[in-house]
Amino acid sequence: MSGPRPIVLDCDPGHDDALAILLAHGSPAVELLAITTVAGNQTLEKTTLNARRVCTVAGIRDVPVAAGCARPLRRPLTTAAQIHGASGLDGADFDEPTVPLSDRPAVELLVETVMDRPGEVTLVPTGPLTNIAMAVRREPGIVSRVREVVLMGGAFTRGNVTPAAEFNIAVDPEAAAVVFEAGWPLTMVGLDLTHQALATPAVLERIEAVGTAPARTMGRLLRFFGDAYRREAGLASPPVHDPCAVARVIRPELVEVVDAFVAVETEGRWTSGMTVTDFRGTLGRPPNAQVATRLDVAGFWDLIIEALARVGAPPAGRGPVATA
Ligand code: PIR
Ligand code: CA
């Protein structure tokens, strides 16, 4: 069986989540079944509005956008306003979204989508794992029915929000523990991988040269994201985390992985949210994850540019169809 791989993108847009949406939509290798939103980079209200904004500018009309959990399972929400801004997607102006919000709760839609197509659906979480953990709790049958879970989150070297922890795991470690312990095929695309996907000035020029409205919007967003990353993290160019998980689904050979046992620390005084990664089997546990280690950087950006070129209508005067 072949054809496009059906995926659900569970996200908290977010600048890099926005690029993940455009990559998924612009790639013939995947079929975007649904976009579900979660609180993370900003409140649920804002991440959901942002998903609808991105869909509107990209002309994504036939994909349900469903809102999920507004807070982590057992902790107060912490956001990343210092990186993504007050709106969660600062740096570009958006029209009032015309893409509607689904009347289905995200967790219900996630469960139904997986159960309806046993063995077919890949889940791609790019925010805190609250919705996914809630879906497992609601219907444990999804664990044996998903094709795989390819998530952006974690790190095996060092964190970003704390020395030990990556944001998506740190926001809701209890949910992440459920997801890593579930027993389904899981790929961890963590910071070790995503910090190879840097939106350098040359990359930004290529993105802006695509010339469409969504590509121009993405260029503005990434310039804001880059300024924030320079200021907050001291990096010269910003890593675009979330599209790396989507790229792994589209072209697996772009992302090298190594099997390992990954435990999510939920209690550490200094290490809460850490993804403790045992490559050598010293803990005596079988691997529960494929851990992403190395990115084909040139191939990744080619994939992004190709996808962007397929998204949205060309600007006036430059399209293939002449206007009178
Ligand atoms: C990125 C994120 C959160 C905080 C910082 N400092 C940077 C978001 C991204 O959207 C990505 O999914 C993940 N969380 C990277 O940690
Ligand atoms: Ca994200």
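All values derive from a computational prediction rather than experimental measurement.

What counts as what
Every chain is numbered on its own, with residues counted from 1 as its sequence reads. Note on labels: chains are lettered from A, ligands numbered from 1, in written order. Selection of residues for local features in this predicted model requires a pLDDT of at least 70, selection of side-chain atom pairs for listing and counting requires 80 or more, and totals for whole chains, interfaces and linings are taken over all residues. As a rule here, side-chain values come from all non-hydrogen atoms in the structure, and water together with hydrogens is ignored. Convention adopted: a line fitted to C-alpha atoms gives each axis, helices being fitted over their contacting stretch, and angles between N-to-C directions are expressed from 0 to 180 degrees. Only runs of H or I of at least four residues qualify as helices and only runs of E of at least two qualify as strands under DSSP, and these elements are numbered from the N terminus. Roughly parallel refers to an angle under 35 degrees, roughly antiparallel to one over 145, roughly perpendicular to one between 65 and 115, and oblique to any angle outside these ranges. Contacts are residue-level and defined by heavy atoms, with any inter-residue pair within 4.5 Å sufficient. The classification used treats Ala, Val, Leu, Ile, Met, Phe, Trp, Tyr, Cys and Pro as nonpolar, Asp, Glu, Lys and Arg as charged, and all other residues, Gly among them, as polar. Residues grouped as a nonpolar core are buried Ala, Val, Leu, Ile, Met, Phe, Trp, Tyr and Cys residues, joined through side-chain atoms within 4.5 Å. Classification of residues uses two cut-offs on accessible area relative to the type maximum, computed with a 1.4 Å probe and protein chains only: under 20% is buried, over 50% is exposed, and between them is partly exposed. Water is not part of the atom set, so a site may look incomplete; the donors themselves are N, O and S atoms within 2.8 Å of the metal, or 3.2 Å for Na, K and Ca. Here, proximity means that at least one heavy atom of the residue falls within 4 Å of the molecule or strand. N or O atoms closer than or at 3.5 Å make up a polar contact, with two conditions inside protein: a donor-capable atom paired with an acceptor-capable one, and, for residues adjacent in sequence, both atoms drawn from side chains. Note on areas: Shrake-Rupley, 1.4 Å probe, and residue coverage restricted to the protein chains presented here. Any two rings among Phe, Tyr and Trp, with Trp reduced to its six-membered ring, count as a pair given centres within 6.5 Å; such a pair is stacked if its planes are under 30 degrees apart, edge-to-face if over 60, and tilted if neither. Only strands that DSSP links by at least two bridges are regarded as paired with each other.

1. Regarding the packing of helix α12 (residues 242–250) against helix α13 (residues 297–310)
Axis separation between α12 and α13 bottoms out at 11 Å; the angle between their running directions is 90°. Considering their axes alone, α12 and α13 lie roughly perpendicular with respect to each other. Here α12 contributes Pro243, Cys244, Ala247 and Ile250 to the contact with α13, which in turn contributes Phe300, Leu303 and Ile304. Here the contact of α12 with α13 is built from residues that sort into seven nonpolar, no polar and no charged.

2. Brief notes about the nonpolar core
In summary, soluble globular proteins display a tendency toward joint burial of nonpolar side chains. Membership of the largest hydrophobic core comes to 63 residues, with the highest contact counts inside it found for Ile35 and Phe300. Residues contacting Phe300, with those up to four places away along its chain left out, are Ala197, Val240, Pro243, Cys244, Ala247, Leu254 and Leu295. Of all hydrophobic cores here, the second largest spans 37 residues; its members include Val107, Ala133, Val136 and Ala260.

3. Some thoughts on the coordination of the calcium ion (ligand 2)
For the calcium ion (ligand 2), the full set of protein donor atoms is Asp12 (OD), Asp17 (OD), Asp17 (OD), Thr126 (O) and Asp242 (OD), at a range of 2.2 to 2.5 Å. Expressed as a motif, the donor residue spacing for the calcium ion (ligand 2) is D-x4-D-x108-T-x115-D. Residue Asp17 is found in helix α1 (residues 15–25), and its partner Thr126 is found in the loop between β4 (122–125) and α5 (130–138); the two are separated by 109 residues along the sequence.

4. Comments concerning the site of ligand 1
The environment of ligand 1 is formed by 15 residues, the closest being Asp16, Thr126, Asn160, Glu166 and Asp242. Separating an oxygen atom of ligand 1 from a side-chain N or O atom of Asp16 is a distance of 2.6 Å. For ligand 1, whose accessible area on its own is 370 Å², the fraction buried by protein is 97%. At the level of secondary structure, the elements contributing two or more residues to the shell around ligand 1 comprise α1, α3 (81–84) and α7 (167–171). Of the residues contributing to the shell around ligand 1, the split by class is five nonpolar, six polar and four charged.

5. Side note on the packing of aromatic side chains
Counted by the stated rule, this structure contains three aromatic pairs. Ring geometry for Phe156 against Phe279: centres 5.0 Å apart, planes inclined by 90°, an arrangement best described as edge-to-face. Here the residue Phe156 occupies a position in the loop between β5 (148–152) and α7, and Phe279 occupies one in the loop between β8 (275–278) and β9 (289–295), the gap between them amounting to 123 residues. Its relative accessible area of 28% is what places Phe156 among the partly exposed residues.

6. Considerations on the side chain of Glu174
For Glu174, the location among the structural elements is in helix α8 (residues 173–181). By relative accessible area, Glu174 is classed as buried at 13%. Polar contacts involving the side chain of Glu174 include one to the side chain of Arg75, which spans 2.9 Å. Those residues in contact with Glu174 that lie beyond four places of it in its chain are Leu73, Arg74, Arg75 and Thr266.

7. Some points on the environment of Asp17
Accessibility expressed as a relative area gives 0% for Asp17, which makes it buried. Expressed as a C-alpha distance, the spacing of Asp17 and Leu295, which sit 278 residues apart in the sequence, is 18 Å.

8. A word on the pairing of strand β7 (residues 255–264)
Alignment of β7 against β9, held across six bridges, turns out to be antiparallel. Bridge pairing in β9 places Ala260 opposite Ala289. As judged from the four bridges shared by β7 and β8, these two strands associate in the antiparallel manner. Looking at the pairing, Ala263 lines up with Val276 of β8.

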